[in-house]
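Residue-level structure breakdown
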Amino acid sequence: MKDAYGILGEERMKLADKLAKEMRGKTTSESLDVILKYMPAITAGRKFTDEERKIVIDKIRENMNDTEKMKLDEILSILGMI
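Keep in mind the model is a prediction, meaning the values are calculated, not measured. (Residues numbered from 1 in each chain as written. Predicted model: local features only at pLDDT ≥ 70, side-chain atom pairs only at ≥ 80, totals over all residues. Heavy atoms only, no water.)

**Topic: the layout of surface pockets**
Estimates place the volume of the largest pocket at around 160 Å³. In terms of lining, the largest pocket is formed by L36, M39, T43, R46, K47, F48, R53, L79 and M81. A per-element tally of the lining of the largest pocket places helix α3 (residues 28–43) first, with three residues. The class makeup of the residues in the lining of the largest pocket is five nonpolar, one polar and three charged. (1 Å grid on protein atoms, 1.4 Å probe; cavity = no way out; pocket = protein on both sides within 12 Å on 5 of 7 lines; lining within 4 Å. Points joined across faces, edges and corners; volume = space filled by probe spheres on them. Helix = DSSP H or I, 4+ residues; strand = E, 2+ residues; numbered from the N terminus. Nonpolar A, V, L, I, M, F, W, Y, C, P; charged D, E, K, R; others polar.)

**Let's talk about the nonpolar core**
Of all hydrophobic cores here, the largest spans 21 residues; its most connected members are L19, M23, I35, I42, V56, I60 and L72. Among the elements of the structure, α2 (10–23), α3, α4 (50–61) and α5 (66–78) are those that each provide at least two residues to this core. Among the elements that make up this core, the one with the highest residue count is α2 (six residues). Once residues lying within four places of it in the same chain are set aside, the contact partners of L72 are M23, I35, I60, R61 and M64. (Core = buried A, V, L, I, M, F, W, Y, C linked by side-chain atoms within 4.5 Å. Buried < 20%, exposed > 50% of the residue type's maximum accessible area, 1.4 Å probe, protein only. Contact = heavy atoms within 4.5 Å.)

**Some thoughts on empty space enclosed by the protein**
By the definition in use, this model includes one cavity of 30 Å³ or more. In this structure, the largest cavity occupies an estimated 30 Å³ of space. Lining the largest cavity we find M23, R24, G25, S31, M64, E68 and K71. Class assignment of the residues belonging to the lining of the largest cavity gives a composition of two nonpolar, two polar and three charged.

Okay, here's the thing in structure tokens:
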């Protein structure tokens with residue numbers, strides 16, 4: 001990931017990784033709850049640029065299987081993030 005840690009910082013990248021791990025095996029509804037729990041800390045109370053949002057989404061998708069990726073895309077679409 002192109003200097004993702006430099007753009008977002010190590011702590012927020014770790015939170016994105018933790019979010020992804022916590023989403024594994026969850027239903028869409030449960031996954032939405034996980035995302036809503038972590039996003040305030042990841043965004044640090046500010047609006048993300050398109051590049052920052054892409055970095056976070058790519059980090060979350062990194063180790064997901066195709067079904068999990070489809071579920072994530074559905075959630076992000078509901079939230080208006082993609």
